[in-house]
Amino acid sequence: MQEVIERALFQAKKLGATYADVRLIEREEEDITVSNGKVEGVKKRLTKGFGVRVIVNGAWGFFSSYNVTPEEGERVATVAVEIAKASAMTKIEDARLAPIEIYQDKVHEPIKIDPFSIPLNKKIDFMLSLDKLMEMPGIVVRSSSMHFSKELKTFASLEGAFIEQERIVSGGGLQAIATDGREIQTRSYPASFGGDYARKGYEFIEEMKLEENAERIAKEALALLKAKPAPSGVMDLVIGPYQMALQLHESVGHPTELDRVLGEEASFAGTSFLTPEKLGNFQFGSKYVNIVADATLDYALGGFAYDDEGVKAKKIYLVKEGLFVGYLNSRETAFRLGLEPMGAMRADGWNRQPIIRMTSINLEPGNFTLEELIGGVDNGLLIDVNKSWSIDQKRLNFQFGTEIGYEIKNGKIQDMVKNPSYSGITYEFWRNLDGVGNESYYHVLGLPNCGKGEPMQVMEVSHGSSYARFRNVKVGVRHE
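### A look at the nonpolar core
The biggest cluster of nonpolar side chains holds 52 residues, and the ones touching the most others in it are Phe-284, Ile-291, Leu-363, Tyr-422, Trp-430 and Phe-470. Of the residues forming this core, the biggest block, 5 residues, is contributed by helix α6 (residues 241-253). Counting residues in hydrophobic clusters, the runner-up holds 27 residues, among them Met-146, Ala-178, Ala-198 and Ile-217.

### Observations regarding helix α5 (residues 210-226)
A rise of 1.5 Å per residue sets the reference length of α5, with its 17 residues, at 24 Å; its end C-alpha atoms lie 25 Å apart and thus fit the reference within 8%. All of the buried residues in α5 are Leu-210, Asn-213, Ala-214, Ile-217, Ala-218, Glu-220, Ala-221, Leu-224 and Leu-225. Looking straight down α5, one finds its buried side chains confined to an arc of 165°; they lie on one side. Residues of α5 that are exposed and point over 90 degrees away from its buried face: Glu-212 and Lys-226.

### Concerning empty space enclosed by the protein
Summed over the entire model, instances satisfying the criterion amount to 1 cavity of 30 Å³ or more. Roughly 30 Å³ of volume is contained in the largest cavity. Tyr-19, Ile-100, Glu-101, Ile-102, Phe-155, Ser-157, Glu-159, Ala-161, Glu-309, Gly-310 and Arg-331 are the residues that line the largest cavity.

### Comments concerning the pairing of strand β2 (residues 38-56)
Pairing geometry for strand β1 (residues 19-35) and β2, over 17 bridges, is antiparallel. Following the sheet pairing, Ala-20 is matched in β2 by Val-54. Linkage of β1 to β2, two consecutive antiparallel strands, is achieved through a turn of 2 residues, within which Asn-36 is found at a positive phi near 50°. Sheet analysis places β2 next to strand β3 (residues 59-65), joined by 7 bridges and oriented antiparallel. Bridge pairing links Arg-53 to Phe-62 in β3. Between β2 and the antiparallel strand that follows it, β3, lie 2 residues; Asn-57 among them carries a positive phi value of about 55°.

### A few points about the environment of Val-238
Among the secondary structure elements, Val-238 is positioned in strand β10 (residues 233-239). Of the residues examined, Val-238 reaches a relative accessible area of 0% and is grouped as buried. Separated by 146 residues in sequence, Val-238 and Asp-384 have C-alpha atoms that sit 8.7 Å apart. Not counting residues up to four positions away in its chain, the partners in contact with Val-238 are Leu-370, Leu-373, Ile-374, Val-377, Leu-381, Leu-382, Ile-383, Ile-408, Tyr-467, Ala-468 and Arg-469.

### Some remarks on the packing of helix α1 (residues 2-14) against helix α2 (residues 70-88)
Running from N to C, α1 and α2 point in directions that differ by 30°, and their axes come no closer than 7 Å. Crossing handedness for the pair α1 and α2: right-handed. On α2, the residues touching Glu-3, Val-4, Arg-7, Ala-8, Gln-11 and Ala-12 of α1 are Pro-70, Glu-71, Gly-73, Glu-74, Ala-77, Thr-78 and Val-81. When the residues that make up the contact of α1 with α2 are grouped by side-chain class, the tally is 6 nonpolar, 3 polar and 4 charged.

Cut-offs applied
Residues numbered from 1 in each chain as written. Predicted model: local features only at pLDDT ≥ 70, side-chain atom pairs only at ≥ 80, totals over all residues. Heavy atoms only, no water. Core = buried A, V, L, I, M, F, W, Y, C linked by side-chain atoms within 4.5 Å. Buried < 20%, exposed > 50% of the residue type's maximum accessible area, 1.4 Å probe, protein only. Helix = DSSP H or I, 4+ residues; strand = E, 2+ residues; numbered from the N terminus. Expected span 1.5 Å × (residues − 1). Arc of directions from axis to C-beta. 1 Å grid on protein atoms, 1.4 Å probe; cavity = no way out; pocket = protein on both sides within 12 Å on 5 of 7 lines; lining within 4 Å. Points joined across faces, edges and corners; volume = space filled by probe spheres on them. Pairing = 2+ DSSP bridges. Contact = heavy atoms within 4.5 Å. Axes fitted to C-alpha atoms, helices over the stretch in contact; angles between N-to-C directions. Left-handed = near helix turned anticlockwise from the far one by under 90°. Nonpolar A, V, L, I, M, F, W, Y, C, P; charged D, E, K, R; others polar.

Below, the structure written as structure tokens:
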């Protein structure tokens, strides 16, 4: 393996590269799905390959291969240089990288139980027992899923970096879908769209309390069929941690990606309203809004030791006491704006170039109890767990729906309501936040499927939050 890397870097330098790096990745994955008492699928995948990225004549080149041999290392580096030379003929400006500290390191993922050491039949039997707990009249779909991955990534560069990182991920979740023949309602646990994920071993599955919640979510799906519709109007919201994860992802994480800001993502996923002149000058939210990008957070799915440019993981503020103060960046975009690289460049495999991706984007906890947040609401809703989302190309106008809600009247929780939704303009919404729950309610949700780039790259990110209270939010759809 080391000879492959050394030959690739030597060849790139010999052919004129002023910068070159190599990422060699070995990855093992396992996915299990169970639905309505039957095993729907078991997928196992082993992949191995490497990619070489170079700068020649001020332009980037990249090439990759699954044939991990020294001779292939030379060939891949040669093609990467040829691509860079061709790109240099049409470049607008030279690619230049902000300086970083160079590391040689070996990072082991501390886990208690290797998920691949647990027999497949034991995992399936557990999932079938969860399925049985959700079985009741009116529940038409019962489903559960588990995902496990183990990755060894080696990064090396002409600058002298040599970093080996192990990464182990476990996660999954449950879903119950109910119908009365007229409508459909869904409840998920711990969260929708696949559940929850962390950089842990099989112990994370044991910590998720799936057995304790399987019957509850099925009963709630049935109860939603009989619940009254969520109200419409302008009112206060107390939003739970699982919906806050989506709120952070769409209205904070994506618009602070500096490649979007600079127009490099415009064709696929839009740009951003957080343009450079706003950095350090724009009131993004209220004084209660403290949002960080933290790749150093233990176990967080969006965390790591080093990004795919060899930048050591950092915790930075994106929004501090409501003021917009930071971007997710790369070494190249950091140089363009005179910023310090903060380590947000990642690729979803050996055959993809790294692009700017979210790390763990977290709303820092406040000092409120949940009772205090609810107690300060005369007329509003408590909502949680995402059901739908829509946001415009600049990440300004949004509308989100959740699986479940409860009315709040005079500071007290009242009836369950179905199909709650809310909408707003990003910065106006965050300026109306006036209370965040304390650390006892704080949860970091792992999202394994953030899509970005052309060709599409699917990345593991995470978002931490407690309950949060927002004033004067547009709720529901008013029909005149």
